[in-house]
Amino acid sequence: VTPELGEGILIVALALALYGSVAAGTGARTGRSTLIESAQHAAVGVFVLMTAAIVLLAYAFLTFDFSVRYVASNTTLATPFWYRITAVWGALEGSIILWAWMLSLYTLLVILRHRENARDLYPWAMSAMLGVIAFFALVMTVSAPPFQRLSPVPLDGRGLNPLLQDTGMITHPIALYLGFTGFTVPFAFAMGALATGRVGDAWITTTRRWTIVAWYFLSLGLLIGGWWSYHVLGWGGYWAWDPVENAAFMPWLTGTALLHSVMIQERRRMLKLWNLTLVILTFLLTLFGTFLTRSGVIASVHAFTQGTIGAFFLGFLSLVALTALTLLAVRWDVLRSEGTLDSVISRESVFLLNNVMLVAAAFTVFFGTVFPLLSEAVRGVKVSVGAPFFNQVNIPLFLSLIFLMGVGPLIAWRRASVDNLRRNFLWPVTLGVVMALVCFVLGVRSSFAVLSLALTLFVASTVALDFFRATRARLRMGETLFPAMGGLLLRHNRRYGGFLVHLGILVITVGVMGSHAWSVQTETTLKRGESAHLGGYQFRFDGLSGRQEANFFRVSGTFTVSNGKPNLLVMTPAKKFYPQDQAPIAYVDYRLGLKEDLYMVLGDFARDGSQATIKVQVNRLVSWIWIGGLVVTLGTVLAVLPDRKAPR
Amino acid sequence: MTRILRWAIPLSALPVLALLAYGFRVDPREIKSPLVGRPASPFTLATFDGPPLSLEAQRGKVVVVNFWASWCYPSCYEEAPALERAWRAYRDRGVQIIGVDIQDTVDAGQKFIQQFGLTFPNVRDVGGKVSVDYGVYGVPETFFVDRRGRIRAKHVGSLTDEVFRGHIEKLLKEAT
């Protein structure tokens, strides 16, 4: 009965979400609070039903219920417990169910948090969110039904893609989808602002934390995706400018722009139109991302199977784009700025420049991603756009952004005086220049490396200088060191949370730069007893061994690694042979280090174990990327803490 | 001026949406193989029934070389009935279908053939040499070879009746 029960739940959820959306919208327009309350109940019901649906699907996986097609396609009797759980969202239909569930969770949280404090906007936001949920429920009932019955019931299933049988796959989709769906909240409130014409700061202050949370999860999702790619795929990289990576990166870029530009509206009542455009754009890009992965329009390693679902998504994308942008045009007259730009040398203008660069980066990524399509439409020629294009265009933009990251938070609002500039930037600029010279003297010739290191030090020292001065001021008031620092962080949590996130981004930058500029690799075939040499290390091939594991067969090579000291460690890269898959899956062996990672991938081998081909890499500073992610996490937590009013 | 400008915002979305809609008309899996236009690499492989089958011997016929495997679910399972239908419809019109089972065991392959009642010849690519020659990187993949022994088209993924008919009718019209 599982298939029928599941489908029934989803149909009721669809009806309830549709009703709730209409009721909330009507209630908001007519001011009838009974309708709004009724919509709230519907939203709670939708959450309960979506939870029931996802639990039911998980139950079907745990009990090997192969009468559900989706279960049969994504698990076998041999699939371990945890991968039967992750298989719930491992393929198309399940990913939609996870998505819808998260949206219903966000809707519930919005109701709990804002039903008292944002009475004007919140019914509209609830209507918009339930509308989006209704769309996903429609997709699940018509186009990608997770509970479709499979008949006759097979004895065993096909199994989850082995590449997805990794712990990264537990967390990567969850973080990414929490980010994607999270941007629905600011979008929904923005729609409320447009619908009511109250386009002041209300929607911005209401959604500030939501936007930060969504941005954070999106960042985390991207980082975990990079980590998964790095330690599972075995090509030694973490980012490939694949269309679907781009699809997740674009809303990150516009979302980052939004986080900054709303500050100008809060402070100077400017950029109303721009902020609404950005939030709409960000939401549209999250939809575009789902469209891209599920429509089969662009070839990608992330592509799910195709079907009518692409047309559904394009229809919804068009509906949202045209509705939202038309609303924007209708409200044009109230979206004028109340403030004006006083000087080019001011915080406003630096933030504006930051926005221009971020949106330009998003645009180039978008352009590169759809260019193959454009080329085929216009010239009839199939082309692919690779990493060199994206790197070439984006690296200068990102380096400029890092520079602005140092300037923006400290330059004065309205008009910066020479004194303000000297006070805040004399030392950091000096340190940055010294850093560049030191790099040059030490023989670093990659301009990318020199510039990133100099800029990183510049930005880090602006933060340090600011924190030092603020602490010193408190010490002069008679506080002791640690209470002074802690109090500063908590009282000005928004400011210092932001700084901490900036520092995290700097750490990530160093990691990206180091791996880009200084990693080395080699590929070679070794006979038993022979060694490969790379980056001061020696890798000696000692032999092969085979072993049957739970649901695959493993062939591992044994390599003794030394650097001056003999027998530093033993590494065992392997190949995993899954019975249902043609090609074996590489099992990367790696040793992470602060300075460098050792990274080994086993290639072809002789069956008697006499020789093996290996790829060896010494990847520099990659760990800094993951450490940067932790710093970003701390900063985000600090930034979303409840506000504390300064004493007095 | 601003009156026009304001409506430019929603209108600007239209070309992008149109481009994405166009995306449905193209198939990114229709990959141009460098082998298209080149002579099909010759092979002689043992059939499941025993006697070897050679590509060379089919010269003069339009040949369809279909790479499959019993573990390739669902794509190969979807296309097997379509292939059998095509074989019955075209076998007397000078079309030869050859199934090449790759990376598979004899038993599983045999069971697959019986399950779908396949009547066209199927060979086993033991060691995978032929799939390497044809640049196969996933199953199913299908190559259409003309009467002169040249690869004229490659299809990645499940074959449908329409795709099959489209390629075959074109090649059948050509003279030897």
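Throughout this document, residue positions are counted from 1 along each chain, in the order its sequence is written. As a convention, the first chain written is A and the first ligand written is 1, with the rest following in written order. In view of the model being predicted, local features appear only for residues whose pLDDT reaches at least 70, and side-chain atom pairs are presented and counted only at 80 or more, with totals across whole chains, interfaces and linings using the full set of residues. Side-chain calculation: all heavy atoms of the structure are included, whereas hydrogens and water are not.

K.L.:
Give a description of helix α2 (residues 75-90) of chain B that names residues and reports values.
P.N.:
Residues and elements named next belong to chain B. Each helix corresponds to a stretch of at least 4 residues labelled H or I by DSSP, and each strand to a stretch of at least 2 residues labelled E; elements are numbered beginning at the N terminus. Expected helix span is taken as 1.5 Å per residue step, with the number of steps being one fewer than the number of residues. With 16 residues, α2 should cover 22 Å at 1.5 Å per step; its first-to-last C-alpha distance of 22 Å lies within 8% of that length. Buried means the residue's accessible area, taken with a 1.4 Å probe over protein chains only, is under 20% of the maximum for its type, while exposed means over 50%, and partly exposed covers the values in between. Where α2 is concerned, the buried positions are C76, E79, A80, A82, L83, E84, A86, W87 and Y90. In this analysis, two residues are considered to be in contact whenever any of their non-hydrogen atoms come within 4.5 Å of each other. Of the surrounding secondary structure, the elements contacted by the buried residues of α2 are β3 (62-68), β4 (95-102), α3 (106-116), β6 (141-145) and α5 (161-173).

K.L.:
Tell me what's going on with the sheet that holds β3(B), and back it up with residues and numbers.
P.N.:
Residue and element names in this part refer to chain B. Pairs of strands are assigned from DSSP output, requiring at least two bridges between the strands. Taken in spatial order, the 5 strands line up as β5-β4-β3-β6-β7 in an open sheet, and their pairing is mixed. In the strand order of this sheet, the two ends are held by β5 (122-125) and β7 (151-156), each with one partner. Ignoring which end each strand starts from, the neighbouring axes of this sheet average 20° apart. Comment: axis = line fitted to C-alpha atoms, over the contacting stretch for helices; angle = value between 0 and 180 degrees taken between N-to-C directions. The sheet contacts of α2 involve β3, β4 and β6, and relative to β4 the element is tilted by about 155°. Sitting on the sheet, α3 touches β3, β4 and β5, and the angle it makes with β3 is about 125°.

K.L.:
Residues and numbers for the packing of aromatic side chains, please.
P.N.:
Residue and element names in this part refer to chain A. In summary, the pairing rule links any two rings of Phe, Tyr or Trp, Trp by its six-membered ring, whose centres are within 6.5 Å, and it sorts them by plane angle into stacked for under 30 degrees, edge-to-face for over 60 and tilted for everything else. Per the counting criterion, the structure on display carries 50 aromatic pairs over all chains. Relative to F217, the ring of Y216 has its centre 5.5 Å away and its plane inclined at 55°; by these criteria the two rings are tilted. The class of Y216 is buried, set by a relative accessible area of 13%. When its relative accessible area of 22% is taken as the criterion, F217 is described as partly exposed. Measuring from ring centre to ring centre gives 5.8 Å for W227 and Y590, while their planes differ by 85°; the resulting arrangement is edge-to-face. Note that W227 is positioned in helix α9 (residues 202-233) and Y590 in strand β8 (residues 589-591), a separation of 363 residues in sequence.

K.L.:
Lay out empty space enclosed by the protein with the relevant residues and their values.
P.N.:
All names here are of chain B. Whether a set of points on the 1 Å grid over the protein atoms alone is a cavity depends on a 1.4 Å probe fitting there but being unable to get out, while an open set qualifies as a pocket with protein on both sides within 12 Å along at least five of seven lines; lining residues are those with an atom within 4 Å of a point. Grid points are joined across faces, edges and corners, and a volume is the space filled by probe spheres set on the points. Under the counting rule described, the total for this entry stands at 3 cavities of 30 Å³ or more. There is about 70 Å³ of room inside the largest cavity. In terms of lining, the largest cavity is formed by L55, E56, Q58, R59, G60, K61, V63, V145, D146, R147 and G149. Along the lines of polarity and charge, the residues of the lining of the largest cavity split into 3 nonpolar, 3 polar and 5 charged. Volume-wise, the second largest cavity comes out at about 40 Å³. Surrounding the second largest cavity, N66, W68, C76, E79, A80, L83, F112, L118, F120 and N122 form its lining. Where the lining of the second largest cavity is concerned, the elements lending two or more residues are β3 and α2. With 4 residues, α2 is the largest single contributor of residues to the lining of the second largest cavity. Each residue receives one of three labels: charged for Asp, Glu, Lys and Arg, nonpolar for Ala, Val, Leu, Ile, Met, Phe, Trp, Tyr, Cys and Pro, and polar for the others, Gly being one of them. Residues of the lining of the second largest cavity, tallied by class, amount to 7 nonpolar, 2 polar and 1 charged.

K.L.:
Can you explain helix α5 (residues 92-114) of chain A? Please cite residues and give values.
P.N.:
Here α5(A) contains 23 residues, and its C-alpha end-to-end distance of 33 Å stays within 8% of the 33 Å for a straight helix at 1.5 Å per residue. Taken across its 23 residues, α5(A) has 17 buried, putting it largely inside the fold.

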